[in-house]
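# Notes for the structure review
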Amino acid sequence: MDFAFGPEDERFRAEARDWLAEHFIGPFAALKQEPGGHPGEARGDMTARRAWERELGTGGWIGLGWDRTDGAYGNRAATLTQQVVWAEEYAHAGAPGRLGHIGENLLAPTLLAHGDSAQRARFLPPIARAEELWCQGYSEPDAGSDLAGLRTRAVRDPGEGTYRITGQKIWTSLAHEADWCFVLARTEEGSQRHHGLSFLLVPMDQPGRIEVRPIRQLTGTAEFNEVFFDGAVARAEHLVGGAGHGWRVAMSLLAVERGVSTLVQQIGFAQELSRVVRLALETGAAEEPVLRDRLVRQWAELKAMRWNALRTLGAAQKPNPNPNPNPNPNPNPARDPALHLAPNDALDPASRRGAAHDLPPRGADPQAPGPRDPGPRDQGAPSVAKLLWGGWHQRLGELAVQVRGAAAALGPARWTAGRPYELDAFQRLFLFSRADTIYGGSDEIQRTIIAERVLHLPKESRR
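All figures in this text were calculated on a predicted structure; none of them were measured in a lab.

Conventions and cut-offs
Residues numbered from 1 in each chain as written. Predicted model: local features only at pLDDT ≥ 70, side-chain atom pairs only at ≥ 80, totals over all residues. Heavy atoms only, no water. Buried < 20%, exposed > 50% of the residue type's maximum accessible area, 1.4 Å probe, protein only. Helix = DSSP H or I, 4+ residues; strand = E, 2+ residues; numbered from the N terminus. Pairing = 2+ DSSP bridges. Core = buried A, V, L, I, M, F, W, Y, C linked by side-chain atoms within 4.5 Å. Contact = heavy atoms within 4.5 Å. Salt bridge = Lys/Arg side-chain N within 4 Å of Asp/Glu carboxyl O. Axes fitted to C-alpha atoms, helices over the stretch in contact; angles between N-to-C directions. Parallel < 35°, antiparallel > 145°, perpendicular 65-115°, else oblique. Left-handed = near helix turned anticlockwise from the far one by under 90°. Nonpolar A, V, L, I, M, F, W, Y, C, P; charged D, E, K, R; others polar.

Of the two faces of strand E1 (residues 134-137), both are covered, the one formed by Trp134 and Gln136 as well as the one formed by Cys135 and Gly137. Of the strand pairs in this sheet, E1 and strand E4 (residues 180-186) are connected by 4 bridges, and their pairing is parallel. Its bridge partner being in E4, Cys135 is matched across the sheet by Cys181.

In structure tokens:
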């Protein structure tokens, strides 16, 4: 596919750059992103971060590229290349990780693919305006990577026409800030594994019925939470995809989380790598042959991840009968942070973005590939992408502390009773990236998916 930036894209770039220069100032400038940051982290002034989300919503910069078949939802129309342009400019400005990325990048594409018109009209405009933040109720203490083993139950009350939800979720990002949660729960009595599950939209403001307990991380922050549901209420009209069809809905959402969205995620990775390279040059660590070899390998693997993401992206689009023979989809490498890693790059990590390219069209047979469904040939693409970026980012965290040597064991400031746990950006990168190969589906689960669904190897015994 032709992924070059054309004149319209460059005009869009100028508009995005000018808007950020005009609005990312004053109190918002204090939110500037640092290496090692990520969208879901609970650092910084959360009130200011919510205000920044609303500023983006007012400007129409939330939900770029959403399917506009049923009309706009308060956002701008944007092509795929323009979505990447926006992410590049957002990163260049050093703007903060997005509090609303779960609603914008995960739930919204899911509602566009599986929701009905009333659900889209109710929930998409508030997401686009940043008036409602979302969290994801998937993992449980005994059902993490093995999500089909979840035990949270939702019982339909025929009199009230509502569902009553009881159970526990864990590792729920930003649940303490969220207004809503999309919950995967068991709605059919006696069902097992992926059968009998439903996808419900649940308001979080239910005192006595929903309790959120933050989980303190190695980084000192508490972006993840335990969430306890004790008869929490979800309305019947907020059931997405139909009763008992939650597994199909949940898996299409995970395909967005693990798959095409990694293309723009890599912009932030490239900027983090640039900082590590600069640090290695400043400390002299780059003179050590083995470490220098690891830096070069890290750079080469990032390029390979980009090409793999582009391949996945191309497979998800309508086939092009006249593909562009140029192997470099970006004619201007100076504007491509994934290819330009010179030590003088002084950019900041981008927020994660999602796209709906792995989702089937509304009304389509869930078993039949559609125009937005990559089909059976790409079943393993999201798992491959997750394996690639999870391990890569974890190795980058290791490099970030290795290039500092013994100094990596020291905090940036003297610890006091009032501030006993202070980390610098590279220490946060190292500690948080330890989880990259676990969350979003562990490496073991991804390899099993590839083995069974792509290579058609004998299935693992599940008892």
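The next thing to look at is the nonpolar core. Counting residues in hydrophobic clusters, the biggest one holds 29 residues, and the most contacted among them are Trp66, Leu107, Trp134, Tyr138, Phe182, Phe199 and Leu201. Breaking this core down by element, the ones donating at least two residues are helix H4 (101-114), helix H5 (117-128), E4, strand E5 (197-203) and helix H6 (246-258). It is H4 that contributes the most residues to this core, 6 residues altogether. Ignoring anything within four residues of it in the chain, the contact list for Leu107 reads Ile102, Ile127, Trp134, Phe182, Phe199, Leu201 and Leu253.

Time to look at the pattern of salt bridges. Once their charged atoms are close, side chains differing in charge can pair, the charge on each being opposite to the other. Applying the stated rule across the entire model yields 20 salt bridges. The salt bridge involving Glu53 is made with Arg98; its shortest N-O contact spans 2.8 Å. Placement of the pair is Glu53 in helix H2 (residues 46-58) and Arg98 in the loop between helix H3 (80-93) and H4, with a sequence separation of 45 residues. Arg98 matches Glu53 in its accessibility class, with the two residues each being buried.

Glancing now at the environment of Val155. Turning to its location among the elements, Val155 is positioned in strand E2 (residues 153-157). A relative accessible area of 49% means that Val155 is categorised as partly exposed. Sequence-wise, Val155 and Thr187 are 32 residues apart; in three dimensions their C-alpha atoms are separated by 6.0 Å. Excluding residues that lie within four positions of it along the chain, Val155 makes contacts with Thr162, Tyr163 and Arg164.

Take the packing of helix H1 (residues 7-23) against H2 next. Here H1 crosses H2 at 140°, and the two axes come no closer than 12 Å. Considering the angle they form, H1 stands oblique to H2. As H1 runs across H2, the sense of the crossing is right-handed. Residues Trp19, Leu20 and His23 of H1 form the contact with H2, whose own contacting residues are Trp52, Glu55 and Leu56. Here the contact of H1 with H2 is composed, by residue class, of 4 nonpolar, 1 polar and 1 charged.

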